[in-house]
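Chain residues, written in single-letter form:
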Amino acid sequence: MIVDDPRRRIPRTDQLLAHPLVVAATRTLSEKVVRGIVRAAQDRARSGHITPEQVEAEVLAAVDSRSASSLRPVLNATGVIVHTNLGRAPLSDPARQALADAAGYTDVEFDLATGARGRRGAGARAALLAACPAAEDALVVNNGAGALLLACTALVGTGEVIVSRGELIEIGAGFRLPDLIQSAGTHLREVGTTNRTHLQDYRDAIGADTRAILTIHTSNYRVIGFTAAQGPAELAPLAREHDLPLIADLGSGLLAPDPVLREEPDATTALEAGADLVIASGDKLLGGPQAGVLLGKAEVIARLSRHPLARAVRADKLTLAAIEATLTGPEPPVLAALHTRAEDLRQRTEAFAERLRQQAPGLEVEVLEHDGRTGGGGGAEVPLPGWALHLPAALTGVLRTPSDPELVPVVATTREDVCVVDLRCIPAAAEDQLLAALCGAAAEIERMGEGRR
């Protein structure tokens, strides 16, 4: 008796690769990736997880949902502007265009007029100096940690750097600045206590091995109460007296004072107070791509630029292009969200809530006060007054993982058994996407409820 082997009915590889939708997918996916998708579906049929007749459908579904990158765009409905887990600063439209323009061949280190080698990052440097005139020169590296590592290596080496004990911080994912500093071979000289460090503490610590004084913005926390701290204005005279460079690691990337964040340190104020070098991040309050921005005295920047480590941490052409476009273009999304007035956010949220009630009449929707946050270590404990949608808590998880691939994931928050959707960081142009996601999530919750009955 002849037994039919179902594996004989599995579609051949060449047949699947010739399907018009699979051929179309090769415009964005490599042949290797597409073949892997085909092979995986065939293997599932061979192992009995799907029938041979389901192979083609599974392949088509896989190539339709697969993109060249695994990163998925999301809508940030948390009210946290610089959200580290969501990629920190969203880029402005000019910065996005600059990335696309710089993706091919560019004149990043080429002088078109003379045909000779040009200065790398000249445009980004000029934009930074225009945005922060207090700086004599500027340098862009790959990120804030790279900037601090370069400063410690080039300016301190294996000597000592004096730091207040209350400023030796740990930030997200267990990253500790003391570990980074010591990885350069630099010796830390801790002074003061957690809550109080006086100018005399710095003075007493200066010795033959001292190479620099470092002040670090505590960033994501505040020490309040019985405290004492010394900033660039207090430390600069002491540093000059002993011919030591004063380094100010500000972290958050604010280039000038901002009325919304009155206590947030900024590069202009620090440099005018006497700091020789300021370090900031490009993807926080500056509103640009991940980068480490170094601003300061010309001789200090020149010293950093000449150090061999500068090559290892240098910024690529995409970063340089996006930094320049961020600074020369209109207000970036981060600052626009930071400066949003509470009343404007209320009117926008109420108008959106009315649209949602019409599209999903069975959904409970309220508009209540909700404070946003700067995030990313900026404006710690500073509330940003605003308003947000309060929805059933069950929506939160469904919004993150929509079953419909056409819907964009929405990251909201759950507080006191309520799903809070804050529009502060939602672009106006993305409101239709948010509405579709909320309606889709509400419908899915309703279907799940009917399934349990």
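Scroll up a little and you will see the structure.
Predicted model, so just to flag it, every value in this text is computed and none were measured.

> What is the right way to read the overall build of the chain from this model?
Scanning the chain for helices and strands turns up 18 helices and 13 strands. Structurally, the chain occupies a C-alpha span of about 95 × 55 × 45 Å along its principal axes. Per-residue burial over the chain gives 47% buried out of 453 residues. Summarising the internal contacts of the chain: among those between residues at least 6 apart in sequence, 74% fall at separations of at least 24. Accessible area of the chain: about 23100 Å², with a carbon and sulfur share of 51%. Both charge centroids of the chain, one from 46 positive and one from 58 negative side chains, sit 6 Å from each other.

> Is there a simple way to think about the pairing of strand E3 (residues 160-164) in this case?
Along any regular strand the residues' side chains alternate between the sheet's two faces. Counting buried residues in E3 gives five out of five residues, a clear majority hidden from the surface. By the alternation rule, side chains of E3 split into Glu 160, Ile 162 and Ser 164 and Val 161 and Val 163, which are all buried. With four bridges joining them, E3 and strand E5 (residues 210-216) adopt parallel strand pairing. Of the residues in E5, the one forming a bridge with Val 163 is Leu 214.

> I would appreciate a short explanation of empty space enclosed by the protein in the present structure.
Summary: where empty space remains is shown by rolling a probe the size of a single water molecule over the atoms. Tallying each qualifying case throughout the model produces one cavity of 30 Å³ or more. Put simply, the largest cavity is a space of about 30 Å³. Sorting the residues of the lining of the largest cavity by element identifies helix H17 (395-400) and helix H18 (431-452) as the ones contributing at least two each. Its residues assigned to classes, the lining of the largest cavity shows seven nonpolar, no polar and no charged.

> Before we go on, may I ask you to explain the packing of helix H7 (residues 144-156) against helix H12 (residues 298-306) in this structure?
Describing two packed helices takes the angle between their axes plus the distance from one axis to the other. Relative to each other, H7 and H12 sit at 100°, their axes nearing to 9 Å. In terms of orientation, H7 and H12 fall into the roughly perpendicular class. Contacts from Leu 150, Ala 151, Ala 154 and Leu 155 of H7 reach H12 at Val 300, Arg 303 and Leu 304. Along the lines of polarity and charge, the residues of the contact of H7 with H12 split into six nonpolar, no polar and one charged.

> Looking at this structure, I do not really get the pattern of salt bridges. What am I missing?
Opposite charge on two side chains permits them to pair, given that their charged atoms come into close proximity. Per the stated rule, a full pass over the model turns up 22 salt bridges. Asp 137 is the salt-bridge partner of Arg 125, the closest N and O atoms lying 2.5 Å from each other. Of this pair, Arg 125 sits in helix H6 (residues 122-131) while Asp 137 sits in strand E2 (residues 137-141); the two residues are twelve residues apart in sequence, bridging distant segments of the chain. Note that Glu 354 is salt-bridged to Arg 357, the shortest N-O span being 3.5 Å. With Glu 354 and Arg 357 both in helix H16 (residues 342-359) and three residues apart, the pair spans about one turn of that helix. A relative accessible area of 39% means that Glu 354 is categorised as partly exposed. Sharing partners across several salt bridges, the network here consists of Glu 109, Arg 117, Arg 120 and Arg 314.

> Is there a simple way to explain the sheet that holds strand E12 (residues 413-415) in this structure?
Strand pairing in a sheet relies on backbone hydrogen bonds. The paired strands run either parallel or antiparallel. One open sheet accounts for four strands, arranged E9-E10-E13-E12; its pairing is antiparallel. Both edges of this open sheet fall to strand E9 (366-369) and E12, since each of them pairs with a single strand only. Each neighbouring strand pair of the sheet contributes to a mean axis angle of 40°, computed without reference to strand direction. Note that E9 and strand E10 (residues 387-392) share four bridges and pair antiparallel. Within the sheet, the bridge partner assigned to Val 367 lies in E10 and is Leu 389. Along the sheet, H16 makes contact with E9 and E10, crossing E10 at roughly 30°.

What counts and what doesn't
Residues numbered from 1 in each chain as written. Predicted model: local features only at pLDDT ≥ 70, side-chain atom pairs only at ≥ 80, totals over all residues. Heavy atoms only, no water. Helix = DSSP H or I, 4+ residues; strand = E, 2+ residues; numbered from the N terminus. Buried < 20%, exposed > 50% of the residue type's maximum accessible area, 1.4 Å probe, protein only. Contact = heavy atoms within 4.5 Å. Areas by Shrake-Rupley, 256 points an atom, 1.4 Å probe, with all protein chains shown as cover. Lys, Arg positive; Asp, Glu negative; His and termini not counted. Charge placed at Lys NZ, Arg CZ, Asp CG, Glu CD. Pairing = 2+ DSSP bridges. 1 Å grid on protein atoms, 1.4 Å probe; cavity = no way out; pocket = protein on both sides within 12 Å on 5 of 7 lines; lining within 4 Å. Points joined across faces, edges and corners; volume = space filled by probe spheres on them. Nonpolar A, V, L, I, M, F, W, Y, C, P; charged D, E, K, R; others polar. Axes fitted to C-alpha atoms, helices over the stretch in contact; angles between N-to-C directions. Parallel < 35°, antiparallel > 145°, perpendicular 65-115°, else oblique. Salt bridge = Lys/Arg side-chain N within 4 Å of Asp/Glu carboxyl O.

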